[in-house]
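One-letter residues, chain by chain:
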Amino acid sequence: MADANTDGRPETATDRADGALDEAALKEAGLRLEVAGAVATVTLDRPERRNAMTFATWRGLAAIGRSLPADVRVVVLRGEGPSFSAGIDLGMFSGEGGGFTDGADAEGTDRFIAELQEGYTWLRRPEIVTVAAVHGHAIGAGFQLALACDIRVVADDAEFCMKEPALGLVPDLTGTKPLVEIVGIGRALELCLTARTVRAEEAARIGLAEITVPRDGLDGAVRDLVDALLAVNAGAAVATKRLLWQAPGNSLDEQCAAERREQIGRLRDVFGR
Ligand code: CAA
């Protein structure tokens, strides 16, 4: 962690003034980034802490989103070691790395959380398809990270838990909207307000997992999915993701109009008219 910002909270230099990623800062943030052609793999890489995430981790994720090469089409998020992520580093509550309550008013805290949320929101950009490869624990902020992705591939040892209410907090890293959209309000309430664990089999049943595989098949299943995603026309993939993500908020008329708009673009692109 480096200097304090205007809210009195620590800053990291995860992305440099020239827009490039600072590798040392990424490492400090507990992240690894590998880009191979059209595929970027982001690894949560603090296995000794079960990939617990700090403010630096979320800023690092946001920086990765900002600096992703334009030809990347698929982003895979995965965890090193026994867990996908044990959520927020509990040290953040006791002031390690700045703490939550250091001298900021409500406006400052609002800005601060908005900045952290940027680590998650870029995963919905239509230009990329995001895949969470989840094994072991996906707790709190880790569960929300999986929810921020388009598709979840889940190992049979996965355990999801929205722990925030048990700690007196709310899930605030963009997870409440996708959770409700995926499992419905009743199930979302039951999961959050009991902070209970959802194992892989149930996750598949209630729609939290698109693909469930044995633990040792996770990497292979992700590879197969990535290959299938890359085999589809790139422009059509972008347009279709854009369409599908806006569908829940649109009326039928609005969605029909959106389909026409996107198809006009596709027809022009595919047939030149
Ligand atoms: N923060 C900091 N350190 C953590 C951590 C966390 N969230 N989770 C695990 N660790 C550390 C442990 O302290 C332990 O360190 P030592 O080896 O130095 O003792 C090491 O990682 C391994 O952990 P365990 O021995 O506990 O491993 P386990 O496999 O038996 O259990 C676990 C794994 C179930 C994830 C358990 O560690 C655990 O319950 N962790 C806490 C989870 C948690 O409450 N997270 C916060 C959720 S709320 C949130 O994320 C959002 C928010 O904004 C509030």
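A quick note: this is a predicted structure, and the numbers were derived from the prediction, not measured.

The rules behind each value
- Residues numbered from 1 in each chain as written.
- Predicted model: local features only at pLDDT ≥ 70, side-chain atom pairs only at ≥ 80, totals over all residues.
- Heavy atoms only, no water.
- Helix = DSSP H or I, 4+ residues; strand = E, 2+ residues; numbered from the N terminus.
- Rg over C-alpha atoms; globule rule 2.2 N^0.38 Å.
- Areas by Shrake-Rupley, 256 points an atom, 1.4 Å probe, with all protein chains shown as cover.
- Lys, Arg positive; Asp, Glu negative; His and termini not counted.
- Charge placed at Lys NZ, Arg CZ, Asp CG, Glu CD.
- Domains from an automatic or database assignment.
- Contact = heavy atoms within 4.5 Å.
- Buried area = accessible area lost by both parts, 1.4 Å probe.
- Salt bridge = Lys/Arg side-chain N within 4 Å of Asp/Glu carboxyl O.
- Phe/Tyr/Trp six-rings, centres within 6.5 Å; stacked < 30°, edge-to-face > 60°.
- Buried < 20%, exposed > 50% of the residue type's maximum accessible area, 1.4 Å probe, protein only.
- Pairing = 2+ DSSP bridges.
- Axes fitted to C-alpha atoms, helices over the stretch in contact; angles between N-to-C directions.
- Expected span 1.5 Å × (residues − 1).
- Right-handed = clockwise from strand over helix to strand, strands pointing away.

## Thoughts on the overall build of the protein chain
A count of helices and strands for the protein chain gives 10 helices and 9 strands. Whereas a compact globule of 273 residues would reach a radius of gyration of roughly 19 Å, the protein chain reaches 19 Å, a difference of no more than 12%. The C-alpha extent of the protein chain, read off along each of the three principal axes, is 60 × 45 × 40 Å. As presented, the protein chain carries roughly 13100 Å² of accessible surface, and 55% of it is formed by carbon and sulfur atoms. Charge centroids of the protein chain, computed over 30 positive and 42 negative side chains, lie 4 Å from each other.

## Things to note about the domain arrangement of the protein chain
The domains assigned to the protein chain are domain 1 (23-231) and domain 2 (233-273). Residue-level contacts link 12 residues of domain 1 with 8 residues of domain 2. Between domain 1 and domain 2 lies a buried interface of about 740 Å² when both sides are counted; carbon and sulfur atoms form 58% of it. In terms of surface lost to domain 2, no three residues of domain 1 exceed R73, P126 and E181, which account for 54% of the buried area on that side. Taken together, domain 1 and domain 2 are joined by 1 salt bridge.

## Quick notes on the packing of aromatic side chains
Scanning the entire structure with this criterion turns up 3 aromatic pairs. Taken together, a centroid distance of 6.2 Å and an interplanar angle of 45° make the contact between F55 and W58 tilted. With F55 and W58 both in helix α2 (residues 55-67) and 3 residues apart, this pair spans about one turn of that helix. Residue F55 shares its accessibility class with W58, and that shared class is buried. Measuring from ring centre to ring centre gives 4.9 Å for F55 and F112, while their planes differ by 85°; the resulting arrangement is edge-to-face. Pair noted here: F55 is in helix α2 and F112 is in helix α3 (residues 106-121), with a separation of 57 residues, a long-range link. Chaining the aromatic ring pairs together yields one cluster made of F55, W58 and F112.

## Focus: the sheet that holds strand β4 (residues 129-134)
Pairing is mixed in the open sheet, where 6 strands are placed in the order β1-β2-β3-β4-β6-β9. Where the open sheet ends on each side, the last strands, each with one partner, are β1 (31-36) and β9 (211-213). When the angles between neighbouring strand axes are averaged without regard to direction, this sheet yields 15°. Relative to strand β6 (residues 151-155), β4 is paired through 4 bridges, and the arrangement is parallel. When the sheet's bridge partners are listed, A132 is paired in β6 with R152. Helix-sheet contacts for helix α4 (residues 141-148) involve β2 (39-44), β3 (74-79), β4 and β6, and the interaxial angle to β4 is about 140°.

## Some words on α2
Taking 1.5 Å per residue, 13 residues should reach 18 Å; α2 reaches 18 Å between its end C-alpha atoms and fits that length. Contact partners of the buried residues in α2: α1 (23-28), β1, β2, β3, α3 and α4.

## Comments concerning the pairing of β3
Regular strands place their side chains on alternate faces of the sheet. Burial runs high along β3: 5 of the 6 residues are buried. Note: β2 against β3, 6 bridges, orientation parallel. Following the sheet pairing, V42 is matched in β3 by L77. In this fold, the crossover linking β2 to β3 by way of α2 has right-handed handedness. Note: β3 against β4, 5 bridges, orientation parallel.

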